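Descriptive structure summary
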Amino acid sequence: MKKSNLTKALIIFFALISSSQFVQAVAISDTSASLTLDWESLDSLVIWNDGDFKYNGADANLDGVTDSNYQSEDGWTGSPVLSYQAQVTADATGNAGTTMTSANVSAHARADGIGTTTPPAEDVSASGTSHRGKTFSPISDGEITFSFDYLISHALSKDDISEGNAVYSHIALNLMLGAVNIGSDLFTSGNVGEITGAVGFTVDLLAANTYYLEGHVYSSASASSPQQTTESIPEPATVALLVIGLAGLGYRRHHSNSGHSSILS
């Protein structure tokens, strides 16, 4: 037995709706991380040298192609504070910056699989890295504790299980004597939510030496989505007309059946 026109129309309608939901699926990843470098808390224990050092960089990738806007600077000793950004269209953005007392980064990635140049999936990622450091000599021989606070924020969202996204950040505090690392602490996380804490350590130092204390922040976001096209997405007007047509078919069928029943009675 052949399906009625109403049944066929219903099948087409639900197929269009299902297609629309899949094509419009979007995966988004967002991260930010900062380390507060409270140099003044150590003023009674060390003598800070004039040199301030920073290194900032941001990177963004779309379909595996590295963005060319990566920038960095080392040996910075003055003001104003600079910030770097790398971006590929609206899909991936990385930011990195420093202030005199902080290192901070953020990254954003969005994938919808529409218009990707490398099927079968659109892969998007962004990252930022920021270093901030100072050199010093202890006022006297002895033990010093270094501890600085950090804040990390991670968010993920996706509309379809076929998509993927991830976030990652790490915060590090390092103490160098020449090329030798004599103290370090590292915190890493790929969890969603807001995370606070501190990185630090305690170490014995000599007043005769010059040391380099550095804070390092890194954060990345990635997202992927299967290749999709916009061709199968029904326009709102099309869906509205289809609904009206279905209602009309239902009314006509009901009216026809009612009339047939009255004749038979």
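Calculation criteria
- Residues numbered from 1 in each chain as written.
- Predicted model: local features only at pLDDT ≥ 70, side-chain atom pairs only at ≥ 80, totals over all residues.
- Heavy atoms only, no water.
- Helix = DSSP H or I, 4+ residues; strand = E, 2+ residues; numbered from the N terminus.
- Buried < 20%, exposed > 50% of the residue type's maximum accessible area, 1.4 Å probe, protein only.
- Lys, Arg positive; Asp, Glu negative; His and termini not counted.
- Salt bridge = Lys/Arg side-chain N within 4 Å of Asp/Glu carboxyl O.
- Polar contact = N/O pair within 3.5 Å; in protein donor to acceptor, adjacent residues only side chain to side chain.
- Core = buried A, V, L, I, M, F, W, Y, C linked by side-chain atoms within 4.5 Å.
- Contact = heavy atoms within 4.5 Å.
- Phe/Tyr/Trp six-rings, centres within 6.5 Å; stacked < 30°, edge-to-face > 60°.

Attention now moves to the side chain of Glu122. Counting through the fold element by element, Glu122 comes out in strand E7 (residues 121–138). An unpaired buried charge is present at Glu122: no salt bridge exists, and Arg110, the closest side chain of opposite charge, is 6.4 Å distant. Looking at Glu122, its side chain comes within polar contact range of the main-chain nitrogen of Asp112, at 2.8 Å.

Quick look at the pattern of salt bridges now. Once the charged atoms of two side chains with opposite charge are near each other, the side chains can pair. Inspection of the entire model under this criterion finds one salt bridge. Its salt-bridge partner being Arg110, residue Asp112 comes within 3.0 Å of it at the nearest N-O pair. With relative accessibility at 28%, the residue Arg110 sits in the partly exposed group.

The tendency in soluble globular proteins is for nonpolar side chains to be buried side by side. One finds Phe136, Phe146, Leu175 and Leu213 to be the most contacted residues of the largest nonpolar core, which totals 27 residues. Among the secondary structure elements, those contributing two or more residues to this core are strand E1 (27–36), strand E2 (46–62), strand E6 (102–111), strand E8 (142–158), strand E9 (164–177), strand E11 (193–205) and strand E12 (211–226). Sequence-distant contacts of Leu175, that is, excluding residues within four places in its chain, are made with Phe136, Phe146, Val180, Asn181, Ile182, Gly183, Phe201, Val203, Leu205, Tyr211, Tyr212 and Leu213.

Our next topic: the packing of aromatic side chains. Tallied over the full model, the rule gives nine aromatic pairs. Ring centres of Phe53 and Tyr212 lie 5.7 Å apart, and the angle between their planes is 85°; on these two criteria the pair is classed as edge-to-face. With Phe53 in strand E2 and Tyr212 in strand E12, this residue pair connects regions lying 159 residues apart in the sequence. A relative accessible area of 28% means that Phe53 is categorised as partly exposed. Linked through ring pairs, Trp39, Trp48, Phe136, Phe146, Phe148, Phe201 and Tyr211 together constitute an aromatic cluster.

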